Amino acid sequence: MSTTPGGPEYLDTTGPADAAPDNDNRKRLIALGALGATAVVVAGGAWAATSFFATGSQPAEALPDSTVAYFSIDLDPSGGQKIEAIKTLRKFPGFTDKVDLETDDDLRERLFEEITKSGACEGLDYAEDVKPWLGSRAAFAAVDMGEDEPQVVAVVQVTDGAKAEDGMSTLAETCGGEGDAGTDVGGWVVDGDWMVIGETKEGATKVVEAADGGTLADDSAFGTWTGEAGDDGFMSFYVAKGVTKYAEELGGMGAMMGDMGGMGAGDPMADEQLPEEFQQMLDDFDGAAATVRFDDGAVEVEYAMSNYQKDLTKFSESDEGVSMVGGLPDDTVAAFGLALTDGWGNAMLDYVKSTMPEEADAVDEQLAQLESETGLSIPEDLETLLGDGVTLSLGSGIDPDAIANGGPGEVPVGLKIKGDAGEIQAVLDKIAAQSPPEMAEFMKVTEGDGYAVLALQDDYRGKLESGGDLGDSDDYKKVVESDDAQSVLYVNFDADDDWLVRVTEDMPEVSENLEPLSAFGISSWVDGDVMHGLFKLTTD
């Protein structure tokens with residue numbers, strides 16, 4: 001152990017303190033950091049869902065205000081959210097069979113058991129080596145230290161600094177091992193109630209010292225974005241504007257997609273600069289945050305992010321589509337609604353061409369050919385089809401056997417459009433002329449309640465024409481932020497005689513674990529410089 005006058009204590013590893021770890025060492029560091037933080041390794045997802053973000057000291061207090069990405073979690077929660085989490089998760093047989101947590105369980109110990117059951121850290125004892133010093137809160141963070149790559153660290157709350165040093169030494173000896181070059185991996189600094197773990201002691205030290213100049217917890221942008229994401233939860237995420245500094249090192253759009261579609265390593269686009277339009281998006285990005293929490297038998301994820309595409313989002317700032325969803329039949333199984341204001345089609349087309357300026361002329365040529373062959377006017381006819389607002393919905397009466405034997409006409413699905421039925425039919429006639437006869441027969445619009453209606457099934461068409469009061473139902477109001485939403489997705493799992501359970505009845509284990517689900521909703525809206533979203537899942 002070494003110290004600096006008036007500064008934190010440092011726990012050295014046995015090898016050269018400043019040696020940069022090779023790839024194998026990095027892998028060992030990840031394992032070591034996971035055991036030290038505990039929170040950053042979540043067994044099967046269920047474990048993390050039983051914790052929550054308590055009030056009090058948070059890992060953000062141990063990080064500098066130059067932190068560009070942050071994920072935190074609490075592993076020893078108390079209070080309402082823990083109770084809600086356990087009560088909610090115990091409704092699912094799969095959870096109780098495999099986890100069976102109680103509200104007074106030490107989640108840190110259960111996680112430790114799950115992480116070490118493979119035998120990789122044989123001889124490590126939770127009660128002796130971990131519990132005496134491990135606190136309840138932990139985080140992963142990427143910190144801008146003025147270098148080509150951010151410094152990645154784990155932050156762990158400690159209850160006893162001296163015991164934490166001894167405990168981490170034991171963890172390193174038992175689980176860390178030695179790298180190919182014969183050097184130990186990782187380094188850590190104990191500073192007050194926190195331990196910062198980095199790839200090297202030098203890196204961890206730099207992060208701790210940088211926090212003396214200002215912490216993430218006191219950073220105004222951090223406070224603003226986490227505040228926009230709503231009430232505290234058991235997990236918290238934050239991305240700062242500064243994260244865009246590192247986008248260039250990703251090597252263009254191809255590398256950003258990783259290995260998907262054969263791109264990524266060896267991608268010929270890897271050496272290209274980011275497209276100008278994408279770079280502008282990065283320049284306009286100001287930050288984002290999200291919170292995960294439990295509340296009254298529901299789990300919800302709320303996020304807020306910088307409205308960095310105002311030229312596009314301004315066309316979606318209407319609640320007409322959400323209002324239309326609220327007027328759907330009461331027994332609606334699922335629905336999606338949005339509205340786009342006049343001019344959105346041209347704006348989208350201009351955006352697409354701006355992202356690939358070298359191909360803009362080719363795009364115009366292809367559109368001209370499509371218009372010539374179909375008689376469509378693009379994007380004008382697309383705007384006509386969606387009108388001033390549109391809903392896509394699924395009604396009750398789902399019969400898998402009938403659908404399998406009878407085809408699309410047995411599916412109670414339909415569109416409801418706020419627009420002129422005659423103009424919409426004229427566009428559909430152009431499309432029908434290019435479609436197979438079996439599809440063309442479904443492209444007939446009727447008018448009901450001031451809306452144009454298009455449905456595959458005659459009975460459901462009648463329901464859409466008559467409308468309803470879906471927005472006043474308890475299930476809907478529990479999962480949809482109807483006061484603010486400008487687009488919404490809604491699914492009622494209890495509707496149509498527990499339709500999801502019915503269609504999975506041939507798989508009893510799956511069906512039993514779906515039965516507790518009640519409803520799901522996604523609400524999104526734009527408020528000036530901020531885009532908001534709320535995902536909410538309720539249980540019976």
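Since the model is a prediction, treat every value here as computed from it, not as a measurement.

### What about the overall build of the protein chain?
Alright, step 1. Each helix and strand in the protein chain was counted, giving 22 helices and 18 strands.
Alright, step 2. For the protein chain, the residues scored as buried account for 48% of the 540 residues in total.
Alright, step 3. Carbon and sulfur atoms form 49% of the exposed surface of the protein chain, whose accessible area is close to 25,400 Å².

### A closer look at the environment of Tyr-126
Alright, step 1. Within the secondary structure, Tyr-126 sits in helix 5 (residues 126-130).
Alright, step 2. For the pair formed by Tyr-126 and Glu-109, sequence separation is 17 residues and the distance between their alpha carbons is 6.8 Å.

### A look at helix 17 (residues 421-432)
Alright, step 1. A rise of 1.5 Å per residue sets the reference length of helix 17, with its 12 residues, at 16 Å; its end C-alpha atoms lie 16 Å apart and thus fit the reference within 8%.
Alright, step 2. Buried within helix 17 we find Ala-421, Ile-424, Gln-425, Val-427, Leu-428 and Ala-432. Down the axis of helix 17, the buried side of the element spans an arc of 160 degrees, and every buried residue falls inside it.
Alright, step 3. Buried positions along helix 17 lie against helix 15 (380-386), strand 13 (413-417), helix 18 (437-440), strand 14 (446-448) and strand 15 (451-455).
Alright, step 4. Two or three places before Gly-422, at the opening of helix 17, Asp-420 has a side-chain oxygen 3.0 Å from that residue's backbone nitrogen.

### Structural notes on the pattern of salt bridges
Alright, step 1. For the coordinates displayed, the defined rule picks out 12 salt bridges.
Alright, step 2. In this structure, Asp-144 engages Lys-245 in a salt bridge whose closest nitrogen and oxygen atoms are separated by 3.0 Å. With Asp-144 in the loop between strand 4 (134-143) and strand 5 (151-158) and Lys-245 in the loop between strand 8 (235-240) and helix 9 (252-256), this residue pair connects regions lying 101 residues apart in the sequence.
Alright, step 3. The exposure class of Lys-245 is partly exposed, given its relative accessible area of 43%.
Alright, step 4. Salt-bridge contacts for Glu-300 lead to Lys-536; the nearest nitrogen and oxygen are separated by 3.4 Å. Of this pair, Glu-300 sits in strand 10 (residues 298-306) while Lys-536 sits in strand 18 (residues 530-539), placing them 236 residues apart in sequence. Like Lys-536, Glu-300 is buried.

### Some remarks on the side chain of Asp-381
Alright, step 1. Turning to its location among the elements, Asp-381 is positioned in helix 15.
Alright, step 2. Contacts of Asp-381, omitting those with residues within four sequence positions, involve Gly-375, Leu-376, Val-427 and Lys-430.

### Some words on the confidence of the model for the protein chain
Alright, step 1. Chain-level statistics for the protein chain give a pLDDT mean of 81 and a share of 79% at 70 or above.
Alright, step 2. Mean pLDDT values for the elements of the protein chain range from 31 in helix 9 up to 98 in strand 16 (residues 487-492).
Alright, step 3. Per-residue pLDDT stays below 50 along residues 1-21; that stretch engages in 45 contacts with residues further than four places along the chain or on separate chains.

### Describing the nonpolar core
For soluble globular proteins, nonpolar side chains are generally found buried alongside one another.
Alright, step 1. The biggest cluster of nonpolar side chains holds 24 residues, and the ones touching the most others in it are Leu-63, Tyr-70, Val-153, Val-155, Val-196, Leu-216 and Tyr-238.
Alright, step 2. Broken down by secondary-structure element, the contributors of at least two residues to this core are strand 4, strand 5, strand 7 (194-198), helix 7 (201-211), helix 8 (220-228) and strand 8.
Alright, step 3. In this structure, Val-153 is in contact with Leu-63, Ala-139, Phe-140, Ala-141, Val-143, Val-196, Ile-197, Gly-198 and Val-207, ignoring residues within four places of it in sequence.

### Thoughts on the pairing of strand 15
Alright, step 1. Counting buried residues along strand 15, 5 of its 5 residues qualify, which places the element largely inside the surrounding structure.
Alright, step 2. Along strand 15, one buried face is formed by Tyr-451, Val-453 and Ala-455 and the opposite face, lined by Ala-452 and Leu-454, is buried too.
Alright, step 3. The sheet contact formed by strand 13 and strand 15 spans 4 bridges and is antiparallel. When the sheet's bridge partners are listed, Ile-417 is paired in strand 15 with Ala-452.
Alright, step 4. Two successive antiparallel strands, strand 14 and strand 15, enclose a turn made up of 2 residues, where Asp-449 displays a positive phi of approximately 60 degrees.

### Quick word on helix 14 (residues 360-374)
Since there are 3.6 residues in each turn of an α-helix, residues three or four apart along the chain are aligned in direction.
Alright, step 1. Helix length check: helix 14 (15 residues) gives 21 Å between terminal C-alpha atoms against 21 Å at 1.5 Å per residue, within 8%.
Alright, step 2. The secondary structure elements touched by the buried residues of helix 14 are helix 13 (344-355) and helix 17.
Alright, step 3. Among the residues trailing helix 14, Gly-375 stands out with phi positive, at a value near 80 degrees.

### Topic: the environment of Ser-72
Alright, step 1. Counting through the fold element by element, Ser-72 comes out in strand 3 (residues 67-74).
Alright, step 2. Residue classification places Ser-72 among the buried positions, given a relative accessible area of 0%.
Alright, step 3. In sequence terms Ser-72 and Val-156 are 84 residues apart; their C-alpha atoms lie 9.8 Å from each other.

### Some points on the pairing of strand 17 (residues 517-527)
A regular strand places its side chains so that they alternate between the two faces of the sheet.
Alright, step 1. Among the 11 residues in strand 17, 8 count as buried, and that is most of the element.
Alright, step 2. As paired strands, strand 16 and strand 17 are joined by 6 bridges and run antiparallel to one another. Note on strand 17: the bridge partner recorded for Leu-489 is Ile-522.
Alright, step 3. Bridge analysis of strand 17 against strand 18 gives 10 bridges, and the strand direction is antiparallel. Counted as the bridge partner of Gly-521 is Lys-536 from strand 18.

### Side note on the side chain of Thr-391
Alright, step 1. Note that Thr-391 resides in strand 12 (residues 390-394).
Alright, step 2. For Thr-391, the contacting residues outside a window of four places in its chain are Gly-321, Met-324, Val-325, Leu-328, Phe-336, Gly-337, Gly-414, Leu-415 and Lys-416.

### Some words on a nonpolar patch on the surface
Alright, step 1. A cluster of nonpolar side chains, namely Met-348, Val-352 and Met-356, defines an oily patch on the protein surface of about 210 Å² accessible area.
Alright, step 2. Examined against the element boundaries, Met-356 turns out to sit in the loop between helix 13 and helix 14.
Alright, step 3. A relative accessible area of 33% means that Met-356 is categorised as partly exposed.

### Let's talk about the packing of aromatic side chains
Alright, step 1. Scanning the model with the defined rule gives 9 aromatic pairs in all.
Alright, step 2. Between Tyr-70 and Phe-222, the ring centres sit 5.6 Å apart and the planes meet at 85 degrees, which makes this aromatic pair edge-to-face. Taken together, the residues span a long stretch of sequence, with Tyr-70 in strand 3 and Phe-222 in helix 8 at a distance of 152 residues. Comparing Tyr-70 with Phe-222, the two get one shared label, buried.
Alright, step 3. One aromatic cluster in this structure is built from Tyr-70, Phe-222 and Tyr-238.
Alright, step 4. Seen from the ring of Tyr-451, Lys-418 lies directly overhead, with NZ or CZ sitting 5.0 Å from the centre.

Rules used throughout
- Throughout this description, residue numbers start from 1 for each chain and increase along the sequence as written.
- A pLDDT threshold of at least 70 governs which residues receive local features in this predicted model, and a stricter bar of 80 or more applies before side-chain atom pairs are shown or counted, although totals over entire chains, interfaces and linings include all residues.
- Where side-chain values are given, they derive from all heavy atoms of the structure, hydrogens and water being excluded.
- Secondary structure is summarised from DSSP: a helix means a run of H or I of at least four residues, a strand means a run of E of at least two, and numbering begins at the N terminus for each.
- Note on classification: 1.4 Å probe, protein chains only; a residue is buried when its accessible area is under 20% of the maximum for its type, exposed when over 50%, partly exposed between these limits.
- Areas reported as accessible are Shrake-Rupley estimates using a 1.4 Å probe. Residue values count occlusion only from the protein chains shown.
- Helices are assigned an expected span. That span is 1.5 Å times one less than the residue count.
- The arc in question is the one traced by the directions running from the helix axis out to the C-beta atoms.
- Should any heavy atoms of two residues lie within 4.5 Å, those residues are counted as being in contact.
- As used in this structure description, the phrase polar contact means that two N or O atoms lie within 3.5 Å; if the pair is within protein, one of them must be able to donate a hydrogen and the other to accept it, and residues adjacent in sequence are counted only when both atoms belong to side chains.
- When a carboxyl oxygen of Asp or Glu is within 4 Å of a side-chain nitrogen of Lys or Arg, the pair counts as a salt bridge.
- Per-residue confidence from the predictor is reported as pLDDT, which spans 0 to 100.
- Residues belong to one nonpolar core when they are buried, are Ala, Val, Leu, Ile, Met, Phe, Trp, Tyr or Cys, and are joined through side-chain atoms within 4.5 Å.
- One bridge is not enough; two strands pair if DSSP finds at least two bridges between them.
- Only residues above 30% relative accessible area that lack a salt bridge enter a patch, with like-charged residues linked at up to 9 Å and the nonpolar side chains Val, Leu, Ile, Met, Phe, Trp and Tyr linked at up to 5 Å.
- Here the aromatic set is Phe, Tyr and Trp, taking the six-membered ring for Trp, and pairing holds for ring centres within 6.5 Å; pairs whose planes are under 30 degrees apart are stacked, those over 60 apart are edge-to-face, and all others are tilted.
- Here, over-ring charges are defined by two tests on the NZ atom of lysine or the CZ atom of arginine: distance to the ring centre within 6 Å, and angle to the ring normal within 35 degrees.

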